[in-house]
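# Structural characterization, general
Each chain, letter by letter, is given below.
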Amino acid sequence: MADEIRVAVAGAGGRMGRTLVNAVHQTDGLAVSAATEQTESGLLGVDAGDVAGIGPLGVAIRSDLDEVLGEFDVLIDFTTPDATMHNLRLCRDARARTVIGTTGLSPSQREAVSEAAIDIALVYAPNMSVGVNLCFKLLETAARVMGDDVDIEIVEAHHRHKVDAPSGTALRMGEVIADALGRDLNQVAVYGRQGHTGPRERQTIGFETIRAGDTVGEHTVWFAADGERVEITHRASSRMTFARGAVRAAKWVAGLERGQFDMQDVLGLNDQG
Ligand code: NAP
């Protein structure tokens, strides 16, 4: 591999895509070498740097990743589940690494991610912020200490444009807590409440979703007992926090051959027991 890691950004006209182009360009040792958008986009042919608001980079936005295969070492993909699946197939065939931030993947799409990792190295994480990944660790500890004696509720808020709910991060938080308590999230999750719900069952894990304004991303987990409550909260105020995490993941995965990893691996949190 050349000294400089060549990065392709999928969905370069999106909210995360623009931020990613900026973050990659700011990072020593990485360069934006390709960018894509969907085939109907009005941004095709436009310079990805201009779209990101940082001035021209000499990288025109293309309509499909297959037009730029061989021009990148790592793809960073924050698009839609269908686009991510298409790009993943191309990366697998071309043996290119990929960092997937797209949320809302179905169970079979998640399975396809795991299968692709037989041939290529990839990082797949619903939230690439360092702070959120630290929170996953804190949640595991809180669940172990308090879990069976408290009611656990996960409250998340995002901007009005977000299309999936609950957020991928909230679901991951639920999985981390359920795993720590030996519960199966599919059996215990309760999504929103309305009408005559009856009293709360202790083993359930509740999810509440807020969609409002330009909220970048907020998550609070309640561990509520009689007489006291612990809350673990993460608030993202800028998309750059996710983009920097994705760039860190791209640098980290560039040196690997195959396997599926998450941000806990990238940050070395899995080694800390
Ligand atoms: P967005 O603004 O809608 O960006 C998605 C972009 O992908 C859009 O520009 C869209 O184009 C484009 N796109 C659609 N199909 C494509 C294709 N086939 N090829 C290339 N580009 C295509 O959404 P966002 O807020 O940036 O979020 C994108 C994804 O990242 C979501 O799943 C979100 O939940 C996730 N996310 C993850 C993290 C994390 O840390 N993992 C953080 C933030 C967001 P059109 O708009 O023209 O359709």
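## Points about the sheet that holds strand E2 (residues 30-36)
The seven strands are arranged E3-E2-E1-E4-E5-E6-E12 in an open sheet whose pairing can be described as parallel. At either end of the open sheet lies a strand with only one pairing partner, and these are strand E3 (61-62) and strand E12 (259-261). Pairing between strand E1 (residues 5-10) and E2: five bridges, direction parallel. Within the sheet, the bridge partner assigned to alanine 8 lies in E2 and is alanine 34. Sheet contacts for helix H3 (residues 81-94): E1, strand E4 (74-77), strand E5 (97-100) and strand E6 (121-124); angle to E4, the most-contacted strand, approximately 175 degrees.

## Considerations on the site of the ligand
As a structural note, the neighbourhood of the ligand is formed by 21 residues, with Met16, Glu37, Gln38, Thr103 and Met128 the closest of them. Glycine 11 places a main-chain nitrogen or oxygen 3.4 Å from a nitrogen atom of the ligand. At 3.1 Å, a backbone N or O of glycine 101 approaches a nitrogen atom of the ligand. When the ligand sits alone it has 920 Å² of accessible area, and the protein chains cover 76% of it. Per-class residue counts for the shell around the ligand are seven nonpolar, 11 polar and three charged.

Reading the values: the criteria
- Residues numbered from 1 in each chain as written.
- Predicted model: local features only at pLDDT ≥ 70, side-chain atom pairs only at ≥ 80, totals over all residues.
- Heavy atoms only, no water.
- Pairing = 2+ DSSP bridges.
- Helix = DSSP H or I, 4+ residues; strand = E, 2+ residues; numbered from the N terminus.
- Contact = heavy atoms within 4.5 Å.
- Axes fitted to C-alpha atoms, helices over the stretch in contact; angles between N-to-C directions.
- Near = heavy atom within 4 Å.
- Polar contact = N/O pair within 3.5 Å; in protein donor to acceptor, adjacent residues only side chain to side chain.
- Areas by Shrake-Rupley, 256 points an atom, 1.4 Å probe, with all protein chains shown as cover.
- Nonpolar A, V, L, I, M, F, W, Y, C, P; charged D, E, K, R; others polar.

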